[in-house]
Amino acid sequence: MNVAVIGTGYVGLVSGACLAELGHHVSCVDVDPAKIEKLRQGVMPIFEPGLEELVKRNVANGRLKFTTEYSEAVPDAEFISIAVGTPSAEDGSADMQYVFSAAEMIGKQLKRYAVIADKSTVPVGTSEQVTEIIRKNFSGEFDVISNPEILREGHAVSDFLKPTRIIIGSPSPRASEVAQRLYAFLDCPKFVMSPRSAELTKYAANAFLATKISFINEIAHLAEELGADIEEVAAGIGSDPRIGKDFLRAGLGWGGSCFPKDVRAIRHKAGTVGREMPIVNAALEMNARAKDRVVERIEKAVDGLSGKRVALLGLAFKNNTDDTRESAAIELLRRFLAAGATVGAYDPEAHVYDTELETKFERHENALDAARDSDVLVIATEWDEFRSMDLSALKLAMKGNLIMDARNLLKPDEARKHGFTYLSVGRP
Ligand SMILES: NC(=O)c1ccc[n+]([C@@H]2O[C@H](COP(=O)([O-])OP(=O)(O)OC[C@H]3O[C@@H](n4cnc5c(N)ncnc54)[C@H](O)[C@@H]3O)[C@@H](O)[C@H]2O)c1
């Protein structure tokens, strides 16, 4: 099938490359000429395991192309996927300008029946708005479906090629048939539902997962006071299939390019129909407290951060990605700086978008260099390499002896054996 993917970010680039891998002919469109130029030269604009090989293979076999021109991608496409950003607006709603501008550009280039799929995470009612925008620009037949993406950064390629489910929110049997054909090679349940249900499904999933993390953090803080171990508690409750073992890792709270903005957006949308969301509000509040508590415990342990040197391990919002959008680690960095500390940071891949912030801390090539002369070492992202660091070398390099392991990566006994004062989340 001829496919156009609008937006070549984490979702668009991965889904475009994966659809090409499945045998479709895919043209990826982006308004950022620098990004398209890089991609044409085989340089990946993001770090995502397995992506580079996939892109290169499918460009070489002629099934994957990159362009800045809608006119080169849309007219021949039977399926057009919108995968542009939907960041938070100031009031917490999803900023829809990129989706709507993509819809207008698509409408201007449509020449035949096509299915336009909202793959971006968009508020309930968007598929109707996108339909209206396209109709203003194209008088022929088309359908707009909601087809929310479920991939996770760091596992994006395998999540797309081996999904647990595909959500198809379709207004017509004709559009569902096209979507089913597009995904025919993916062996998973396909849930066909109304566009509004599909749009709400995506927000409900993210709000639920964020709430689950906030819940385990709340229990972790209680465990700290009561002398229980959250890892043991999580294993104990997670073995109940009604609860499930995933998303029960206590730590620094949730961040990233999806959960914070999506949780705020569902709350905002609820407000527009007169609904409050007490559980979602509590999840947000608990998420802020998770970071507060880590900072407060460090401040208490080192008697204030002013004039102290912090080694910060991790900047990305989670492991295996370079993405730092709304990263909890970046928030810690800002708080340490605001408290008067100097910070030496290390992250193997993270991309810091704030150029002013970048000038305010030192970025190192490895954990040991970041740790040199520091009073406290903070683990803020769950990169695997932080689990197996040489603790003796770190101890020698540091001035102080405090580790705040905000992702519970190290073994407490092991850290203490090396002479560290070791703090983690929810563990005695
Ligand atoms: N990142 C994730 O893990 C993830 C997972 C599931 C869903 N989503 C959702 O998918 C959407 C995209 O997220 P992302 O992380 O890939 O965003 P991103 O910011 O990485 O990429 C968006 C891309 O769209 C391009 N763009 C903007 N306006 C455009 C236009 N009018 N025409 C063509 N290109 C345009 C930008 O230049 C950018 O390259 C969001 O709604 C997000 O919530 C993201």
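Since we're looking at a predicted model, the values are computed, not measured.

Reading the values: rules and limits
Residues numbered from 1 in each chain as written. Predicted model: local features only at pLDDT ≥ 70, side-chain atom pairs only at ≥ 80, totals over all residues. Heavy atoms only, no water. Near = heavy atom within 4 Å. Polar contact = N/O pair within 3.5 Å; in protein donor to acceptor, adjacent residues only side chain to side chain. Areas by Shrake-Rupley, 256 points an atom, 1.4 Å probe, with all protein chains shown as cover. Helix = DSSP H or I, 4+ residues; strand = E, 2+ residues; numbered from the N terminus. Pairing = 2+ DSSP bridges. Contact = heavy atoms within 4.5 Å. Axes fitted to C-alpha atoms, helices over the stretch in contact; angles between N-to-C directions. Buried < 20%, exposed > 50% of the residue type's maximum accessible area, 1.4 Å probe, protein only. Right-handed = clockwise from strand over helix to strand, strands pointing away. Domains from an automatic or database assignment. Buried area = accessible area lost by both parts, 1.4 Å probe. Salt bridge = Lys/Arg side-chain N within 4 Å of Asp/Glu carboxyl O.

(A) Representation of the site of the ligand within the structure. Around the ligand, a shell composed of 29 residues is seen, among which Asp30, Lys35, Tyr70, Thr86 and Lys261 lie nearest. Lys35 places a polar side-chain atom, nitrogen or oxygen, 2.6 Å from an oxygen atom of the ligand. The separation between an oxygen atom of the ligand and a polar side-chain atom of Arg325 is 2.9 Å. When the ligand sits alone it has 830 Å² of accessible area, and the protein chains cover 90% of it. Contributing elements (two or more residues each) for the shell around the ligand: helix H1 (10–21) and helix H4 (97–109). It is H4 that contributes the most residues to the shell around the ligand, 3 residues altogether.

(B) Quick peek at the sheet that holds strand S10 (residues 342–346). Spatially, the 6 strands line up as an open sheet ordered S11-S10-S9-S12-S13-S14, and their pairing is parallel. Lying at the two open borders of the sheet, with one neighbouring strand each, are strand S11 (362–363) and strand S14 (421–424). As paired elements, S10 and S11 share 2 bridges and run parallel to each other. Residue Gly344 lies in a different strand from S11, and its bridge partner there is Glu362. Most of the contacts of helix H11 (residues 278–302) go to strand S13 (residues 402–405), to which it runs at about 170°, and overall it touches strand S12 (376–379), S13 and S14.

(C) How the structure looks around the pairing of S13. The side-chain alternation of S13 yields two buried faces, one formed by Leu402 and Met404 and the other by Ile403 and Asp405. In this sheet, S13 lies alongside S12 in parallel orientation, the contact comprising 4 bridges. Among the inter-strand pairings, Leu377 is bridged to a residue of S13, identified as Ile403. Note that the unit made of S12, helix H15 (residues 391–397) and S13 has a crossover that is right-handed. Inspection of the sheet shows S13 paired to S14 by 4 bridges, in the parallel sense. Counterpart to Ile403 in the pairing with S14 is Tyr422. One crossover worth recording links S13 to the parallel S14 by way of helix H16 (residues 412–417), and it is right-handed.

(D) View of the domain arrangement of the protein. Here the protein is described as being made up of domain 1 (2–193) and domain 2 (259–424). Each of domain 1 and domain 2 has a C-alpha centre, and these two points are 34 Å apart. Listed per partner, the contact involves 18 residues of domain 1 and 16 residues of domain 2. The junction of domain 1 with domain 2 conceals about 1,300 Å² of combined surface from both sides, 48% of it contributed by carbon and sulfur atoms. Looking at the side of domain 1 facing domain 2, the largest losses of area belong to Tyr10, Phe47 and Glu153, adding up to 41% of the total buried there. Viewed at the interface, domain 2 and domain 1 are joined by 1 salt bridge. Residue Glu153 is joined to Arg325 by a salt bridge in which the shortest nitrogen-to-oxygen separation is 3.8 Å. Connecting domain 1 to domain 2 are 9 residue pairs in polar contact (both at pLDDT 80 or more).

(E) Expanded view of the environment of Pro163. Structurally, the position occupied by Pro163 is in the loop between helix H6 (156–161) and strand S7 (166–169). Separated by 55 residues in sequence, Pro163 and Glu218 have C-alpha atoms that sit 31 Å apart.

(F) Up close: helix H2 (residues 33–40). The backbone nitrogen of Ala34 has a side-chain oxygen 3.0 Å away, supplied by the residue at the start of H2, namely Asp32. Gly42 lies just past H2 and shows a positive phi near 85°.

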